[in-house]
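Single-letter residue listing:
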Amino acid sequence: MKMTCRHGLLAAFAVGMMVAAGCTTTYSVDRVNTAGEDSLVFVRPDRYSLLGTRSLRDQIEITYETLTYDQATGYAIVRVGVRNRGGQHFWNRRGRDINLSAQAAFYHQPVAMAPPQPGASFPSDVKGRQNAGGPGVFAPPIHQSARKTFALPRGQTHHLEFICPVSNAGGYQVVFSEY
Amino acid sequence: MQQKQAWQVMTYAVLAAVMFGFGCRTQPKPPVQLDIHKVDHNPFGSAEIKQCASEMGPRILMVPEIARAADTTRIVVQPLSNSSTIMMDTRMITDALKDELMVVSNGRVRFVTSDDYEIGQSNMIVQEKIEAARDRMLDEVAESILQSPVIANASKPPIIAVTPALNANLVGLNANSFIAMLRAKIASRANGKVFFTAPGSLEGAEYYLTGEFIAESMQREGMINLVDYIYLMEDRARAGQSVDVYDNTGAMVSPASGALTRERRQALQAEIERSAQMQVPPNVNKHLNVMLVKADNKIAVMEKMFALDQKMTRGLERVEYTLTGNIASQSRYVRGSEEIYIVVTFKLIAPDTKEEIWAGRYETKKAIQRGGVVY
């Protein structure tokens, strides 16, 4: 009994020493390389389900995305068409209306690849995702809009417009999420 | 048996202690910080205010009249009218919009305050600056008088009598003390080049140091001819009265004496008495025209005008546009929840032409679950 007790204490002590050796006052935060990120991104779903997915990619699609500049002021204007796809799987007994929020951040430098011509949509691959290769986000934004919240009924297209009231905006990124 | 009962008592005591302990709380939980951009149960909360300001601000800057303006555009914001069912301080919306515009316009847009307290404080500061500047002005006027040819080139020191300024009733200022201060400034710098008669005495004077207050916004009453004014003072001085024409003590001046006719003197006196009743200092730009008048022929041989007081304004003279608007709402109650549709409209109006040069609209619709007791 005494031996058992002693071995148990030794084991606990050893484990404690190992844990204590790994504890430090501060820890580094993960850094991410945003090169190649799209100009339109969405966040992870609010929760995961056993059947199916709650990813926004499953629920919405982008119909157009244009970047133009106001002639009088030189302000960048981003226009995005967002459409609710409706039910995509057999378990979707009814395609639901969704509530979304979108926020645009404008940067001096481009985030994604430049569009072929001003006012045209960005080039995308067969899956509908933008061609990779942009420099990504590596500097603070010159302007960030407030989060816009909107309801998207099934099948409807919502036309978002973001204006950057600071001149010389070269790039932007719009983040979508549920609210 | 007794041991069993003892165990039961102990068990109940422990249970009671645990329950009592869970029921006690020494201090409340600290507050939880919430994101101001997050939509909440408020029909028009922080998220909606931020969205509204973020959308409307750049659109105002893109209005052609503002985008192409060469200089800074000045706007005065009127409070939004609230015709909705929501109880809220509409200044939160206009303040958020002003903050957004001030940040992103980079000086192209400025706002003129419409807050009475802020305007009052600003006017108080301006008034104190004007009063501090008056002392410097007296120095300048005194120097101008001493440098005038009639004094600088006089073969012997001229004798000057100081008389009260004309139309003091128009301006609400203490004219006599002002002229007296001017006399003191001249005397201190004269070094014997000028002599003054005793205060109130016109005897032996070659020149009268007098003045005329001028208010830019003229009142109908109280305008008196300077020459008649001087004659009135001389008549009073000869009759042994003070030269202050507002002083009603002492015997009346004999109608037969003096340069003024009886009718003219009575009319002047009546006008002076009526104008003396006006006690409220008018809010206008005020100037003082200081004059050196020759006593024998009443010719002003030297005069200099300077600004005494400034009209206190609300700062609207440079405003180019007015920003105003309205909040409206429509509600529907469905199975314990309220569907509310809110519209905030803004208008930019040019005051000169009354044109609405820009109109903006922010709208939102929410379904809010209502719970609890309905009163």
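Residues numbered from 1 in each chain as written. Chains lettered and ligands numbered in written order. Predicted model: local features only at pLDDT ≥ 70, side-chain atom pairs only at ≥ 80, totals over all residues.

In this structure, what is going on with the overall build of chain B? I would like to understand it.
Broken down by element type, chain B carries 10 helices and 11 strands. Across the 375 residues that make up chain B, the buried fraction comes to 25%. Partitioning the contacts of chain B with sequence separation of at least 6, the portion at a separation of at least 24 is 71%. (Helix = DSSP H or I, 4+ residues; strand = E, 2+ residues; numbered from the N terminus. Buried ≥ 20, exposed ≤ 12 C-beta atoms within 10 Å, placed from the backbone. Contact = placed C-beta atoms within 7 Å.)

Please clarify how the overall build of chain A should be interpreted in this entry.
Secondary structure summary: chain A contains 1 helix and 8 strands in total. Written out in order from the N terminus, the α and β elements of chain A read α-β-β-β-β-β-β-β-β. For chain A, the residues scored as buried account for 23% of the 179 residues in total. Nonlocal contacts in chain A, meaning residues at least 24 apart in sequence, comprise 76% of its contacts between residues at least 6 apart.

Explain unusual backbone geometry to me, please; I cannot follow it from the model alone.
For residues besides glycine, phi is generally negative; the peptide bonds are generally trans as well. Residue and element names in this part refer to chain B. Phi is positive for Arg335, which is not a glycine, with a value near 45 degrees. Structurally, Arg335 can be placed in the loop between β9 (321-334) and β10 (337-350). On the basis of neighbour counts, which here come to 5 C-beta atoms within 10 Å, the residue Arg335 falls in the exposed class. The phi angle at Lys354 is positive, at roughly 65 degrees, despite the residue not being glycine. In this structure, Lys354 sits in the loop between β10 and β11 (355-369). On the basis of neighbour counts, which here come to 8 C-beta atoms within 10 Å, the residue Lys354 falls in the exposed class.

Which parts of the structure should I look at to understand the sheet that holds strand β7 (residues 157-164) of chain A?
Strands in a sheet are paired, the pairing made by backbone hydrogen bonds, and the direction either parallel or antiparallel. Residue and element names in this part refer to chain A. Overall, antiparallel pairing links the 3 strands, which are arranged β2-β3-β7 in an open sheet. Unpaired on one side and paired on the other, β2 (60-69) and β7 mark the two borders of the sheet. The sheet shows a mean angle of 15 degrees between the axes of neighbouring strands, taken without regard to direction. Two strands pair when backbone bridges link them, and β2 and strand β3 (residues 76-84) are joined in this way by 9 bridges, in the antiparallel orientation. Across the sheet, Glu65 pairs through a bridge with Val80, a residue of β3. (Pairing = 2+ DSSP bridges. Axes fitted to C-alpha atoms, helices over the stretch in contact; angles between N-to-C directions.)

I tried to follow the nonpolar core on my own but got confused; where do I start?
A general trend in soluble globular proteins is that nonpolar side chains are found buried together. Residues and elements named next belong to chain B. Ranked by size, the top nonpolar core spans 31 residues in total, and within it Ile160, Tyr207, Tyr208 and Leu209 carry the most contacts. Put simply, the parts of the chain that give this core at least two residues each are α5 (116-147), β4 (159-162), α8 (175-190), β6 (207-215), α9 (226-238) and β7 (286-294). Core analysis: the second largest hydrophobic core is formed by 26 residues, Ile93, Ala96, Trp358 and Tyr362 among them. (Core = buried A, V, L, I, M, F, W, Y, C linked by C-beta atoms within 7 Å.)

Sorry, what's going on with the pairing of β9 of chain B here?
Looking along a regular strand, one sees the side chains alternate between the two faces of the sheet. All names here are of chain B. Sheet analysis places strand β1 (residues 73-77) next to β9, joined by 3 bridges and oriented parallel. For Val76, the partnering residue across the bridge sits in β9 and is Thr322. Of the strand pairs in this sheet, strand β2 (residues 81-82) and β9 are connected by 2 bridges, and their pairing is parallel. Bridging across to β9, Ser81 finds its partner in Asn326. When β9 meets β10, the two strands line up antiparallel, connected through 13 bridges. Opposite Gln330, over in β10, you have Tyr341 as the bridge partner.

Is there a simple way to think about the interface of chain B and chain A in this case?
Often the size quoted for an interface is simply the accessible area lost on bringing the parts together. The partner chain A presents 14 residues to the 14 residues of chain B that form the contact. For the side of chain B that touches chain A, the elements supplying multiple residues, two or more each, are α2 (46-61) and α3 (64-67) of chain B. By residue number, the principal contributor to the side of chain B that touches chain A is α2 of chain B, which donates 7 residues. Among the residues making up the side of chain B that touches chain A, the classes are represented as 8 nonpolar, 4 polar and 2 charged. (Nonpolar A, V, L, I, M, F, W, Y, C, P; charged D, E, K, R; others polar.)

Is there a simple way to explain α5 of chain B in this structure?
Residues three or four positions apart in an α-helix share a direction because the helix packs 3.6 residues into each turn. Between its first and last C-alpha atoms α5 of chain B spans 45 Å; for 32 residues at 1.5 Å apiece the expected length is 46 Å, and the two agree. Of all bends in α5 of chain B, the biggest is about 25 degrees, found at Asp135 of chain B. (Expected span 1.5 Å × (residues − 1). Bend = angle between axes of the 7 residues up to and from the residue.)

Would you take a moment to explain the environment of Ala112 of chain A for this structure?
Looking at the secondary structure, you find Ala112 of chain A in the loop between β4 (98-107) and β5 (143-144). Along the sequence, Ala112 of chain A and Thr66 of chain A sit 46 residues apart, while their C-alpha atoms lie 13 Å from each other.

Honestly, the environment of Met3 of chain A in this entry has me stumped. Any pointers?
Relative to the helices and strands, Met3 of chain A resides in helix α1 (residues 2-22). Taking C-alpha positions, Met3 of chain A is 56 Å from Ser55 of chain A, a pair spaced 52 residues apart along the chain.

Help me understand the pairing of β4 of chain A, please; the structure alone is not making it clear to me.
Residues and elements named next belong to chain A. Bridging between β4 and strand β6 (residues 148-152) involves 5 bridges; their strand directions are antiparallel. Across the sheet, Ser101 pairs through a bridge with Thr149, a residue of β6. In this sheet, strand β8 (residues 171-178) lies alongside β4 in antiparallel orientation, the contact comprising 8 bridges. Within the sheet, the bridge partner assigned to Ser101 lies in β8 and is Ser177. Relative to β5, β4 is paired through 2 bridges, and the arrangement is antiparallel. Paired with Phe106 across the strands is His143, a residue of β5.

What am I meant to see in the confidence of the model for chain B here?
Caution applies to low-pLDDT parts of the model: their predicted coordinates are not meant to be read in detail. Summing up the model confidence of chain B, the mean pLDDT is 83 and the portion of residues at 70 or higher is 85%. Of the two predicted TM-score estimates for the complex, the pTM is 0.71 and the ipTM is 0.76. (pLDDT = per-residue confidence, 0-100.)

Just to check I follow, could you spell out the sheet that holds strand β5 (residues 195-196) of chain B for this structure?
All names here are of chain B. Strand order across the open sheet formed by 5 strands is β5-β4-β6-β7-β8, with mixed pairing between neighbours. Both outer strands of the open sheet, β5 and β8 (300-309), are each paired with one neighbouring strand and no more. As defined by bridge partners, β6 adjoins β7 across 9 bridges and the pair is classed as antiparallel. Across the sheet, the residue bridging to Phe213 is Leu288, located in β7. Relative to the sheet, α5 contacts β7 and β8, its axis offset from that of β8 by approximately 170 degrees.

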